[in-house]
Amino acid sequence: MGMSDWDALRKQARHLENDIDLKLIAFNKVGTGSSSLNSGGAADTSPLLGDHVFESLSLEIEQMLDQLSNINERMAEIPGTGAAVMHVLQRHREILHGYRQEYLKIQANHTTRMEREELLRGSGLGGTTSPSTSGLSRRDMYLKENTHLHNSSSMVNDQISIAMETKEHLTSQRQHMKRFQTRMHDISHRFPLISSLIQRINIRKRRESLILGGVIGVCTILLLLYAFH
């Protein structure tokens, strides 16, 4: 397994995280509205339908969380990971932990709400209870904050991806520079050998010129002596 496997698993993790985030939003809406009162002020006549949807979403989210946990474990098993990769893996684990906490929180809130409405229904006060405006505003605020956190997480993941790509580019440039430095070092070592060879050739040429000049001089003197005699 290598970086290609890591990238494939990371894409699966991010896609699954987006799906879980959307499921949690729907899960929260069902959990807060499955037993709410209708517009006429009476209790919902089919609470079992809301409970069925809630349980179905709960089971689906549990399976998706387990699948995301399995992907994170497979990512952790890939050898040769660096500091940046470990940071990304830690971030995916934190996102999974946050989703689990949010899932358990929604379940707990739903259970508490159901118990409270059962008590109100049993005491005859259920018909006078209506959703408060502050509760709706608080829920919208939580949903907006959850969306904001998801967008921030995506931005951080994108920045980490850019940083990893920049690191790979710099590593490639460093390798090119090392090869260029090695080549220049080899050339610098070859220059003294070439210079020494040229110097030897020049010395030999000068020596041969001196010998040739001496021979010509001696021959000239011998010819002059021969001519005068």
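Details of the structure are given in the entry above.
Keep in mind it's a predicted model, so treat the numbers as computed, not measured. (Residues numbered from 1 in each chain as written. Predicted model: local features only at pLDDT ≥ 70, side-chain atom pairs only at ≥ 80, totals over all residues. Heavy atoms only, no water.)

Asks: How do you make sense of the overall build of the chain when you look at a structure like this?
Replies: Scanning the chain from N- to C-terminus turns up four helices and zero strands. In the chain, the succession of α and β elements from N to C terminus is α-α-α-α. For the chain, the proportion of its 229 residues judged to be buried stands at 21%. Pairs at least 24 apart in sequence give 86% of the contacts found in the chain among residues at least 6 apart. Only carbon and sulfur atoms are counted for the fraction: they give 60% of the accessible area of the chain, which is about 16400 Å². (Helix = DSSP H or I, 4+ residues; strand = E, 2+ residues; numbered from the N terminus. Buried < 20%, exposed > 50% of the residue type's maximum accessible area, 1.4 Å probe, protein only. Contact = heavy atoms within 4.5 Å. Areas by Shrake-Rupley, 256 points an atom, 1.4 Å probe, with all protein chains shown as cover.)

Asks: Before we go on, may I ask you to explain the pattern of salt bridges in this structure?
Replies: Going through the model one piece at a time under the given rule, you end up with four salt bridges. Two residues, Glu94 and Arg91, come together in a salt bridge whose shortest N-O distance is 3.5 Å. Here Glu94 pairs with Arg91, and both are found in helix α3 (residues 83-122), just three residues apart, close to one helical turn. When its relative accessible area of 25% is taken as the criterion, Arg91 is described as partly exposed. (Salt bridge = Lys/Arg side-chain N within 4 Å of Asp/Glu carboxyl O.)

Asks: Just checking my understanding: could you explain a negative patch on the surface for this structure?
Replies: A contiguous patch of negative charge, built from Asp5, Asp7, Glu165 and Glu168, is present on the exposed surface. Elements supplying a minimum of two residues to the negative patch: α1 (3-33) and α4 (133-228). On the secondary structure map, Asp5 appears in helix α1. (Patch = residues over 30% accessible without salt bridge, like charges linked within 9 Å, V, L, I, M, F, W, Y side chains within 5 Å. Lys, Arg positive; Asp, Glu negative; His and termini not counted. Charge placed at Lys NZ, Arg CZ, Asp CG, Glu CD.)

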